Amino acid sequence: MPSGSTASPSLYRGRLAPSPTGLLHLGHARTFWTAQEQARQQNGTLILRNEDLDPHRCRPMFLEAMFEDLRWFGFSWNEGPDCGGPYGPYTQSARQPRYRSAFEQLLAGGFLYPCTCSRQDVLRALTAPHAGEDEPVYPGTCRLKSPSSVTTTSPCCWRFRVPDGSQISFIDAHHGPQSFLAGADFGDFVVWRQDGLPSYQLAVTVDDAAMRITEVVRGADLLRSTARQLLLYQALGWQAPAFHHCPLLTDERGVRLAKRHDALSLRQLRESGAAPEDLRRGWTTAFRAG
Ligand code: GLU
């Protein structure tokens, strides 16, 4: 929320996009804080989107904690699952028809092929690939399969055929010029899973476009995912937002903060009496930005 401002909001639209798969920690808070600051500085609109695509990992208790912890830390938003807005619903599990129609558009455009390989990356495709989790480059086993070769009895997922050898370049607001080589830095990625769910890459692209996000602020471990998403924007004929990837917060051993760092969850910090202002002051000194 552009706090205290009475001027009408600018065209800037940013988002916080947590997944209720665990407790939010200080690393999330720092990235989200940058997103909130960006929206405030530009007198823009901030959106909260509940990224609950993964039915096996998302839990109602984490969703509840997500709202509480965000509010406690000092976040507020203009549009979201709790307050609605013009581009709702703001919960991914309720947006299935939108993902399906983007999938149909990509299929009709000849960008996808059916893949019957059973691989970990297909299973993992629902969640954003954070540090150390990026999918291996797909060897292309099913690349020449035509969409008409699959029947309802042959379960398959659908992959985006990346233009091997093309450089996907963009200017990141924090890291400067970025360039990734399709087919080497990342390969044909999953767009639609065989269980009927869209992948993270498709869902986040559809939502950022549909919610008119003008700048995506998120962690630096998703830089490579941005290259994939830019291919989706291009294939769908949509204008891509600007990107700002924040340095990751690491622990004293240089390991990225993750759900396993329980002591640094906002919940535990709050229970131990920490004050959000002190945490914000401290994260520049107590942790290293990797
Ligand atoms: N829900 C994703 C996550 O929590 C968001 C990734 C993104 O901002 O694109 O990792």
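Refer to the structure above for everything that follows.
Residues numbered from 1 in each chain as written. Predicted model: local features only at pLDDT ≥ 70, side-chain atom pairs only at ≥ 80, totals over all residues. Heavy atoms only, no water.

(A) Fine view of the overall build of the protein. Along the protein, the regular secondary structure elements total eight helices and 11 strands. Taking 290 residues into account, the globule formula puts the C-alpha radius of gyration at 19 Å, and the protein, at 19 Å, falls close to it. Taking the principal axes of the C-alpha coordinates as reference, the protein spans close to 60 × 45 × 40 Å. Positive and negative side-chain charges of the protein, numbering 31 and 29 respectively, have mean locations separated by a distance of 3 Å. (Helix = DSSP H or I, 4+ residues; strand = E, 2+ residues; numbered from the N terminus. Rg over C-alpha atoms; globule rule 2.2 N^0.38 Å. Lys, Arg positive; Asp, Glu negative; His and termini not counted. Charge placed at Lys NZ, Arg CZ, Asp CG, Glu CD.)

(B) Broad picture of the packing of aromatic side chains. One pass over the structure, following the stated rule, counts 13 aromatic pairs. Ring geometry for Phe-32 against Phe-75: centres 6.2 Å apart, planes inclined by 80°, an arrangement best described as edge-to-face. Taken together, the positions of Phe-32 in helix H1 (residues 26-41) and Phe-75 in the loop between helix H2 (60-73) and helix H3 (96-108) put the pair 43 residues apart, joining distant regions of the chain. Of the two residues, Phe-32 and Phe-75, neither departs from the other in class, the shared state being buried. Looking at Arg-159, its charged tip hangs above the ring of Tyr-138, at a distance of 3.7 Å from the centre. Sitting over the face of the ring of Phe-73, Arg-280 holds its NZ or CZ atom 5.3 Å from the ring centroid. (Phe/Tyr/Trp six-rings, centres within 6.5 Å; stacked < 30°, edge-to-face > 60°. Buried < 20%, exposed > 50% of the residue type's maximum accessible area, 1.4 Å probe, protein only. Lys NZ or Arg CZ within 6 Å of the ring centre and 35° of its normal.)

(C) Structural view of the sheet that holds strand S7 (residues 189-192). Spatially, the three strands line up as an open sheet ordered S3-S4-S7, and their pairing is antiparallel. Only two strands of the sheet have a single partner each, and these edge strands are strand S3 (112-115) and S7. Neighbouring strand axes in the sheet, compared pairwise and without regard to direction, differ in orientation by 45° on average. Bridge analysis of S3 against strand S4 (residues 157-160) gives four bridges, and the strand direction is antiparallel. Paired with Pro-114 across the bridge in S4 is Trp-158. Here H3 sits on the sheet in contact with S3, S4 and S7, set at roughly 120° to S7. (Pairing = 2+ DSSP bridges. Axes fitted to C-alpha atoms, helices over the stretch in contact; angles between N-to-C directions. Contact = heavy atoms within 4.5 Å.)

(D) Highlighting the layout of surface pockets. Taken as a whole, the second largest pocket holds about 150 Å³ of empty space. Around the second largest pocket, the lining residues are Thr-116, Cys-117, Ser-118, Arg-119, Val-122, Leu-123, Arg-193, Gln-194 and Asp-195. A per-class count over the lining of the second largest pocket returns three nonpolar, three polar and three charged. (1 Å grid on protein atoms, 1.4 Å probe; cavity = no way out; pocket = protein on both sides within 12 Å on 5 of 7 lines; lining within 4 Å. Points joined across faces, edges and corners; volume = space filled by probe spheres on them. Nonpolar A, V, L, I, M, F, W, Y, C, P; charged D, E, K, R; others polar.)

(E) Broad picture of unusual backbone geometry. Cis peptide bonds are those with omega within 30 degrees of zero, and the linkage from Gly-88 to Pro-89 qualifies with -5°. Mapped onto the elements of the fold, Pro-89 is located in the loop between H2 and H3. Non-glycine residue Asn-43 carries a positive phi angle of around 50°. Relative accessible area serves as the criterion here: at 18%, Asn-43 is assigned to the buried category. With phi around 60°, Arg-212 is a residue other than glycine that occupies positive phi space.

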